[in-house]
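Descriptive analysis of the structure
Chain by chain, the residues:
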Amino acid sequence: MNFKRKLLIAALPFALGLQGLAQAATTLKLAEVHPAGYPTVVALENLGKKLEEATDGELKYRMFSGGVLGSEKEVVEQLQIGAVQMTRVSLGTLGPVVSDVNAFNMPFVFRDHEHMRKIIDGEIGQELLDKITASEFNMVGLAWMDGGVRNLYSKEPVRNIDDLKGMKIRVIGNPLFIDTLNAMGAQGVAMDTAEIFSALQTGVVDGAENNPPTLLEHNHYRTAKYYTLTGHLILPEPIVMSKTTWNKLTPEQQEMVKKFAKEAQLEERRLWDEKTASSEEKLKAAGVEFIEVDKQPFYEATAPVREKYGAAYADLIKRIEAVQ
């Protein structure tokens, strides 16, 4: 055996060891604007833990919660270039870049919470994930998380649609949402989540719209003491992965990601229901008034929005309405 061959044989275990170390160092950055302990954060963390265990450490994860990597829009931009590997993102943020998902963003497109869940668990939900994956925006749609029912919260009470007139209400930066609030008589103001607290305090906005856990966890309830149950939006939120990262995974790893993402969808749903119930109790104990309203005037006022934005998705919306 010549000297070169001896060196190669001697070096082989070392090289294989380095390869193993390189694989072990593959870390997936998971980003979230919500704080630690929030249902979507917990479900994503558990997804990461399952991947780490199932791949014997070839894939590790780091969770960046609380918006430390930026706003949802900024995280999506990082995900598109592969700087962030996975996130849960609102459809309001995703709508401007993957227009097909705007079908889910229509005001009152879902009859109720359970109707929305049937849609995302079925073929329509998978079709929308596939459209995210097939888009030119370099991301893979994996599963759905539950973003709950969005209602109005404000510093002054909204007991009917007339009370909303002239109020400045924060919305996600999507023209569809701005038009929705404008149609109700308010002034929709696009703003990142991190800016809402100070905007409420300083009077830049009079209120916002979101679910009870967000109202609680982001401390908006300290200024906005009125929660009006309009139910104008019921938004599922996709888990998306950078396609740059996805394409570097082995087929086996890709299957694991898909499997654990679907498990995260169901886990987050259970956590969401628990969190919503406890959040409502805490908000009421903190003096937040929950206001029941007649939803029909809000539905009728937003008809022009559905006509304007829904035309491109008319067939899909009919299929959504047909699901019982």
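Residues numbered from 1 in each chain as written. Predicted model: local features only at pLDDT ≥ 70, side-chain atom pairs only at ≥ 80, totals over all residues. Heavy atoms only, no water.

Some words on the packing of aromatic side chains
Enumeration according to the criterion identifies 6 aromatic pairs in this entry. Three or more aromatic residues link up through ring pairs in this structure, and these residues are Phe104, Phe110 and Trp144. Cation over ring: Lys29 sits above Phe64, and NZ or CZ is 5.7 Å from the ring centre. Positioned over the ring face of Tyr299 is Arg306, at 4.1 Å from the centre of the ring. (Phe/Tyr/Trp six-rings, centres within 6.5 Å; stacked < 30°, edge-to-face > 60°. Lys NZ or Arg CZ within 6 Å of the ring centre and 35° of its normal.)

Regarding the side chain of Gln253
Among the structural elements, Gln253 can be located in helix 11 (residues 251-285). By relative accessible area, which is 9% here, Gln253 ends up buried. At 3.0 Å, the side chain of Gln253 forms a polar contact with the backbone nitrogen of Thr250. Excluding its chain neighbours within four sequence positions, the residues that come into contact with Gln253 are Thr55, Glu58 and Leu59. (Helix = DSSP H or I, 4+ residues; strand = E, 2+ residues; numbered from the N terminus. Buried < 20%, exposed > 50% of the residue type's maximum accessible area, 1.4 Å probe, protein only. Polar contact = N/O pair within 3.5 Å; in protein donor to acceptor, adjacent residues only side chain to side chain. Contact = heavy atoms within 4.5 Å.)

Describing the pairing of strand 8 (residues 226-242)
In summary, the side chains of a regular strand alternate between the two faces of the sheet. Where burial is concerned, most of strand 8 is hidden: 16 out of the 17 residues are buried. When strand 3 (residues 86-88) meets strand 8, the two strands line up antiparallel, connected through 3 bridges. Counted as the bridge partner of Met86 is Met241 from strand 8. The pairing of strand 4 (residues 139-154) with strand 8 spans 12 bridges and is antiparallel. Within strand 8, the residue paired with Gly141 across the bridge is Val240. Here 3 bridges tie strand 8 to strand 9 (residues 289-291), and the two strands are oriented parallel to one another. Its bridge partner being in strand 9, Tyr226 is matched across the sheet by Glu289. (Pairing = 2+ DSSP bridges.)

Side note on the nonpolar core
Of all hydrophobic cores here, the largest spans 51 residues; its most connected members are Leu94, Phe104, Phe110, Leu164 and Ile320. Beyond its immediate chain neighbours, meaning those up to four positions away, Phe104 contacts Leu91, Val109, Phe110, Ile119, Ile120, Ile124, Leu128, Trp144, Ile234, Leu235, Pro236 and Ile320. Ranked by size, the runner-up nonpolar core spans 25 residues in total, among them Ala43, Tyr61, Ala143 and Ala264. (Core = buried A, V, L, I, M, F, W, Y, C linked by side-chain atoms within 4.5 Å.)

Re the environment of Thr244
With respect to the helices and strands, Thr244 occurs in helix 10 (residues 243-246). In sequence terms Thr244 and Asn138 are 106 residues apart; their C-alpha atoms lie 6.9 Å from each other. Discounting residues that sit within four places of it in the chain, Thr244 has contacts with Gln80, Gly82 and Asn138. Side chain to side chain, Thr244 and Asn138 meet in a polar contact 2.8 Å long.

Some details on the confidence of the model for the protein chain
Close inspection of predicted coordinates is inappropriate in any region flagged by low pLDDT. Mean pLDDT over the protein chain works out to 90, with 92% of the residues at or above the 70 mark. Every residue in residues 1-24 scores below 50 in pLDDT, and together they form 8 contacts with partners more than four places removed in sequence or on other chains. (pLDDT = per-residue confidence, 0-100.)

Quick look at the environment of Arg222
Tracing the backbone through its elements, the reader meets Arg222 in the loop between helix 9 (212-217) and strand 8. Using a relative accessible area of 53% as the deciding quantity, one classes Arg222 as exposed. Taking the C-alpha atoms as reference points, Arg222 and Glu72, 150 residues apart in sequence, are found 23 Å from one another. Among the polar contacts listed, one links the side chain of Arg222 to the side chain of Tyr221, at a separation of 3.3 Å.

Section: the packing of helix 6 (residues 123-134) against helix 14 (residues 314-322)
Contact pair helix 6 / helix 14: the axes reach a minimum separation of 11 Å and the direction vectors enclose 150°. Of the residues in helix 14, those touching helix 6 at Glu123, Ile124, Glu127 and Leu128 are Leu316, Arg319 and Ile320. Looking at the contact of helix 6 with helix 14 residue by residue, the classes come out as 4 nonpolar, no polar and 3 charged. (Axes fitted to C-alpha atoms, helices over the stretch in contact; angles between N-to-C directions. Nonpolar A, V, L, I, M, F, W, Y, C, P; charged D, E, K, R; others polar.)

Some words on helix 11
Helical geometry: 3.6 residues make up each α-helical turn, so side chains three or four residues apart lie on a common side. In this model helix 11 runs 50 Å from its N-terminal to its C-terminal C-alpha over 35 residues, within 8% of the 51 Å that 1.5 Å per residue would give. After helix 11 finishes, the residue Gly287 shows a positive phi value of roughly 95°. (Expected span 1.5 Å × (residues − 1).)

Re unusual backbone geometry
Unlike most non-glycine residues, Asp56 shows phi in positive territory, near 50°. Tracing the backbone shows Asp56 in the loop between helix 2 (39-54) and strand 2 (59-64). The backbone phi angle of Asn219 is positive, close to 65°, even though this residue is not glycine. Here Asn219 lies in the loop between helix 9 and strand 8.

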